Amino acid sequence: MTVALKVRLYPTKAQRFLLEEMLETCRRLYNNFLAQRKETYEATGKSPSKFDQIKSLTGTKNEWQLRVHSQVLQNVATRVQLAFDGFFRRVKSGETPGYPRFKGRGYYDSFTYPQSGFELQESAVKLSKIGVVNAIVHRQVEGKLKTCTLRRQNAKWFACLVIETEDQPLEPTGESVGIDVGLESFATLSTGEKVENPRLYRLDEKALAKAQRRLSKAEKGAKARRKARKVVARIHERIRNRRHNFVHQTARKIVNLFDMIAVEDLNVSALQKNHCLAKSIPDASWTMFRIVLAHKAESAGRRFVAVNPAYTSQDCSRCGTREKKTLSQRTHQCVHCGLVLDRDHNAALNILALGTQCLQVDT
Ligand SMILES: [Zn+2]
């Protein structure tokens, strides 16, 4: 299946200039191709094809066109073709559509890398003839990158990537789950099962703290400092890899087992904004877990729902009585119905109930 991923770009001033310039070059080419089709048709009764127009690009590029990736220019011919296809389809079906139009400034807002010339990085998109453009990538999608369209919307730039994933819809299991993420365990399921944080997290955190101390002590410009910085970078890399594996494996297991998955709606974008702040490893893992889980669920045809997290740990999952708890209270003990349950298990049951409610309202 294909997945579309829209990524907000943060180009530098120079990169923004290049993007605008490329867009303008493509707009002009679009209008040229359109005019060429019209004029040739009027003169000869035959219109040049998309391939004729693509061929006409070789060896005849002007200085602006030379600054644009060649496949991006070729894609403009495809767009003109699509405009004509749409026009003729509507004529055939008896409508009277308008002839494909010339695009004025401000009416042409995107261009496409149809095959190559782009690369998705962890927090950037690398574009041929532009460079590495900073971006906020909300989720990483495994699969083959197909196309990348750069789009200008209200003076903001976005990259829309189409990714072909290998995931297939899974057979229904008839099971649903609510998931509570917590401090003590990485996650608690409404089935009562707990997913523990990998032990190695704590070792990594210790090693990182030690390496960072050594780095801050090392003198500027000294050889030792360069070495210390390398060590810190290597530990970060190791943490990233471990987190990646743990999160993907955990999400995969859950998606395989459950048709409907409910989680708390943590404000992921707010969390990501503070991306650079020192954050504990489990913390960063939850954010990533949510993103990965949502995506895996989607591509497996599972239902994924994020519920309002208010009161999920206070309400009794059996009778609904609300009672405040302190963070240190690890057991839920209902004064009303007498239910005694692990605190996080109780929360996971509430999340499941809320998720089920949400879906019933939806459908
Ligand atoms: Zn109760």
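Keep in mind the model is a prediction, meaning the values are calculated, not measured.

1. Observations regarding the nonpolar core
Now for step 1: Ranked by size, the top nonpolar core spans 39 residues in total, and within it Leu9, Phe111, Tyr113, Leu127 and Leu150 carry the most contacts.
Now for step 2: Element by element, the count of residues in this core is highest for helix H1 (residues 13–44), at 8 residues.
Now for step 3: Each residue touching Phe111, except ones within four places of it in the same chain, is listed here: Leu19, Met22, Leu23, Cys26, Val72, Arg79, Cys148, Thr149, Leu150 and Trp157.
Now for step 4: Core analysis: the second largest hydrophobic core is formed by 22 residues, Tyr201, Phe258, Val263 and Trp286 among them.

2. Topic: the coordination of the zinc ion
Octahedral metal centres with six donors ideally show angles of 90 or 180 degrees, and tetrahedral centres with four donors ideally show 109.5 degrees.
Now for step 1: Every protein donor of the zinc ion is listed here as Cys316 (SG), Cys319 (SG), Cys334 (SG) and Cys337 (SG), and their distances to the metal cover 2.2 to 2.4 Å.
Now for step 2: Taken together, the 4 donor atoms coordinating the zinc ion and their angles of 104 to 113° define a geometry best described as tetrahedral.
Now for step 3: Look at where the donors of the zinc ion fall in the sequence and you get C-x2-C-x14-C-x2-C.
Now for step 4: In this structure Cys316 comes out as buried when scored by relative accessible area, which is 3%.
Now for step 5: In this structure Cys319 comes out as partly exposed when scored by relative accessible area, which is 32%.

3. Details of the packing of H1 against helix H2 (residues 50–57)
Now for step 1: Closest axis-to-axis distance for the H1/H2 pair is 11 Å, and the angle between their directions is 125°. On the basis of the axis angle, H1 is oblique to H2. Of the two elements, H1 crosses H2, and the hand of that crossing is right-handed. Packed against H1, whose contacting residues are Leu29, Phe33, Gln36 and Arg37, the element H2 presents Lys50, Gln53, Ser56 and Leu57 at the interface.
Now for step 2: Classifying every residue of the contact of H1 with H2 gives 3 nonpolar, 3 polar and 2 charged.

4. Comments concerning the sheet that holds strand E7 (residues 156–164)
Now for step 1: Spatially, E2-E6-E7-E1-E5-E4-E3 is the arrangement adopted by the 7 strands of the open sheet, whose pairing is antiparallel. Sheet topology places strand E2 (110–113) and strand E3 (118–120) at the edges, where each strand pairs with a single neighbour. Across the sheet, the mean angle from the axis of one strand to that of its neighbour is 30°, orientation sign disregarded.
Now for step 2: Two strands pair when backbone bridges link them, and E3 and strand E4 (residues 124–127) are joined in this way by 3 bridges, in the antiparallel orientation.

The rules we used
- Residues numbered from 1 in each chain as written.
- Predicted model: local features only at pLDDT ≥ 70, side-chain atom pairs only at ≥ 80, totals over all residues.
- Heavy atoms only, no water.
- Core = buried A, V, L, I, M, F, W, Y, C linked by side-chain atoms within 4.5 Å.
- Buried < 20%, exposed > 50% of the residue type's maximum accessible area, 1.4 Å probe, protein only.
- Helix = DSSP H or I, 4+ residues; strand = E, 2+ residues; numbered from the N terminus.
- Contact = heavy atoms within 4.5 Å.
- Donors = N, O, S within 2.8 Å, 3.2 Å for Na, K, Ca; no water.
- Tetrahedral: all angles 85-135°; square planar, octahedral: opposite > 155°, others 65-115°.
- Axes fitted to C-alpha atoms, helices over the stretch in contact; angles between N-to-C directions.
- Parallel < 35°, antiparallel > 145°, perpendicular 65-115°, else oblique.
- Left-handed = near helix turned anticlockwise from the far one by under 90°.
- Nonpolar A, V, L, I, M, F, W, Y, C, P; charged D, E, K, R; others polar.
- Pairing = 2+ DSSP bridges.

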